[in-house]
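Now for the letters of each chain:
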Amino acid sequence: MAFVGEVDHGKSTLLGRLLLDTGSVTTDRLDVPVEDGGLAFLLDGLTEERADLFTLDTASAVLETGSRRYVLIDVPGHAELLVNMATGASRAEAAVIVVDCRERAAEQTRRHMRVLAMMGVTAVVCAITKMDLAGWAEAEFHTAARQVAALADEIGLTLVAAVPVSAMTGDNVTAASARLPWYAGRPLLDTLADLTPWGDGGAPLRVEAQDVVEGRVLARVLSGELRIGDRLVAPGEDARTALRIERFGEPPQESATTGDNIGLVLSGPPCAPGTLLAPPTGGRCAATGGGSACCAPPRTGSPRAPAVPCAGPAPT
Ligand SMILES: Nc1nc2c(ncn2[C@@H]2O[C@H](COP(=O)(O)OP(=O)(O)OP(=O)(O)O)[C@@H](O)[C@H]2O)c(=O)[nH]1
Ligand SMILES: [Mg+2]
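Residues numbered from 1 in each chain as written. Chains lettered and ligands numbered in written order. Predicted model: local features only at pLDDT ≥ 70, side-chain atom pairs only at ≥ 80, totals over all residues. Heavy atoms only, no water.

Under an unreviewed UniProt entry, the name given to the protein is Tr-type G domain-containing protein, and the organism recorded is Streptomyces antimycoticus.

Here you go:
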């Protein structure tokens, strides 16, 4: 489950709060007090992250409740780290959109939601957070929730629930809060159980490009089935077609499936190592065609982006 949203809206803090209040981590792991950002530091382990107070790379942690086991994935919200966000979220089956109740969702949240749609994650919960800073005001919650609902509608995601919380105080995260008497729904943790992974269609297709050698993309099929002729897009790029699928030492294949490491010849420009590819239709393969309507805006650089472009055009 990926936690996505605008920079500084409170993703890492909320994730830390969930871990702490479910007993998934013990308080002795908090080496910085909660009021000084300690909850976010449970996930933001890199020295640079702690110095700059924002998430650079993705991190994940396991949360177990009575009946369920979640892998919570923290992704960076910074605009220049969209590639890291997409890589981090590439294993997500569901998502929580984190929105600061005072600032509302903006362009980066829209991009993250588009990446989710591209990966076939269609059901999301929205945590409207920092309610303590808005005096627990009902109006702030409803305005922010309405805005996210409209965005979800526009992008094609199903908003399962919008939940007011404060990650700093813990209100309504794992237990109902007396400070939110106007809220009739369930605490955030309970709503996560409504996010069921893939429906009848099975896992959506996601392919991670790991390297490019002599025009072939060395890739891993993270989920779903890839067939010759399938169209694939990366965030901010035009769609490419899978022209040839190879496995080491074997003749060309018609298809590849979850967990397969393959050599892939794609049409179009080369793609960078680390690129996440998915069908233009939003994680589900619908043969050919499509365009790149689900794409996020172009990447603007990343500390993890390759220093040099990889390889030339794929052979035909
Ligand atoms: N008062 C209050 N402050 C909060 C709350 N949640 C987060 N913060 C503060 O907001 C700031 C940003 O929180 P982070 O959790 O680092 O935000 P983020 O979304 O992970 O940010 P990036 O990783 O940079 O995208 C920190 O100073 C937190 O202490 C909250 O519910 N209430
Ligand atoms: Mg963070």
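Peer 1: Is there a simple way to think about helix 5 (residues 107-118) in this case?
Peer 2: Three or four residues apart is the spacing at which side chains of an α-helix point the same way, because the helix has 3.6 residues per turn. Its 12 residues give helix 5 an end-to-end C-alpha distance of 16 Å, which sits within 8% of 16 Å, the value for a rise of 1.5 Å per residue. Within the span of helix 5, buried status applies to Gln108, Thr109, His112, Met113, Val115, Leu116, Ala117 and Met118. On its buried face, helix 5 is in contact with strand 1 (2-4), helix 4 (82-88), strand 4 (95-100), strand 5 (123-129), helix 6 (138-155) and strand 14 (276-277). One or two residues past the end of helix 5 sits Gly120, with phi positive at roughly 85°. (Helix = DSSP H or I, 4+ residues; strand = E, 2+ residues; numbered from the N terminus. Expected span 1.5 Å × (residues − 1). Buried < 20%, exposed > 50% of the residue type's maximum accessible area, 1.4 Å probe, protein only. Contact = heavy atoms within 4.5 Å.)

Peer 1: Would you mind going over the packing of helix 5 against helix 6 with me for this structure?
Peer 2: Between two packed helices, both the angle of their axes relative to each other and the distance between the axes serve to describe the pair. Where helix 5 contacts helix 6, the axes come no closer than 10 Å and their chain directions differ by 40°. Overall, the two elements helix 5 and helix 6 adopt an arrangement that is oblique. The way helix 5 lies across helix 6 gives a crossing that is right-handed. Of the residues in helix 6, those in contact with Arg110, Met113, Arg114 and Ala117 of helix 5 are Val148, Leu151, Ala152, Glu154 and Ile155. The class makeup of the residues in the contact of helix 5 with helix 6 is 6 nonpolar, no polar and 3 charged. (Axes fitted to C-alpha atoms, helices over the stretch in contact; angles between N-to-C directions. Parallel < 35°, antiparallel > 145°, perpendicular 65-115°, else oblique. Left-handed = near helix turned anticlockwise from the far one by under 90°. Nonpolar A, V, L, I, M, F, W, Y, C, P; charged D, E, K, R; others polar.)

Peer 1: Before we go on, may I ask you to explain the pairing of strand 5 in this structure?
Peer 2: A regular strand places its side chains so that they alternate between the two faces of the sheet. For strand 5, the tally of buried residues reaches 6 of 7 residues, placing the bulk of the element in the interior. Here 6 bridges tie strand 4 to strand 5, and the two strands are oriented parallel to one another. Note on strand 5: the bridge partner recorded for Val98 is Ala127. A crossover links strand 4 with its parallel partner strand 5, the connecting element being helix 5, and its sense is right-handed. The β-α-β motif built from strand 5, the intervening helix 6 and the parallel element strand 6 (residues 158-164) has right-handed crossover chirality. (Pairing = 2+ DSSP bridges. Right-handed = clockwise from strand over helix to strand, strands pointing away.)

Peer 1: Sorry, what's going on with unusual backbone geometry here?
Peer 2: Residues other than glycine predominantly adopt negative phi, and peptide bonds predominantly adopt the trans conformation. Positive phi outside glycine occurs at Asp8, with the angle close to 70°. By the secondary structure assignment, Asp8 is in the loop between strand 1 and helix 1 (11-21). We classify Asp8 as exposed; its relative accessible area is 55%. Of note, Trp136 is a non-glycine position whose phi angle comes to about 60°, a positive value. Along the chain, Trp136 falls in the loop between strand 5 and helix 6. Judged by its relative accessible area of 15%, Trp136 falls in the buried class.

Peer 1: Please explain the sheet that holds strand 10 (residues 231-232) as it appears in this structure.
Peer 2: Here we have 6 strands laid out as an open sheet, ordered 10-11-13-8-7-14, and antiparallel in their pairing. Whereas interior strands pair on both sides, the edge strands pair on one side only; in this sheet they are strand 10 and strand 14.

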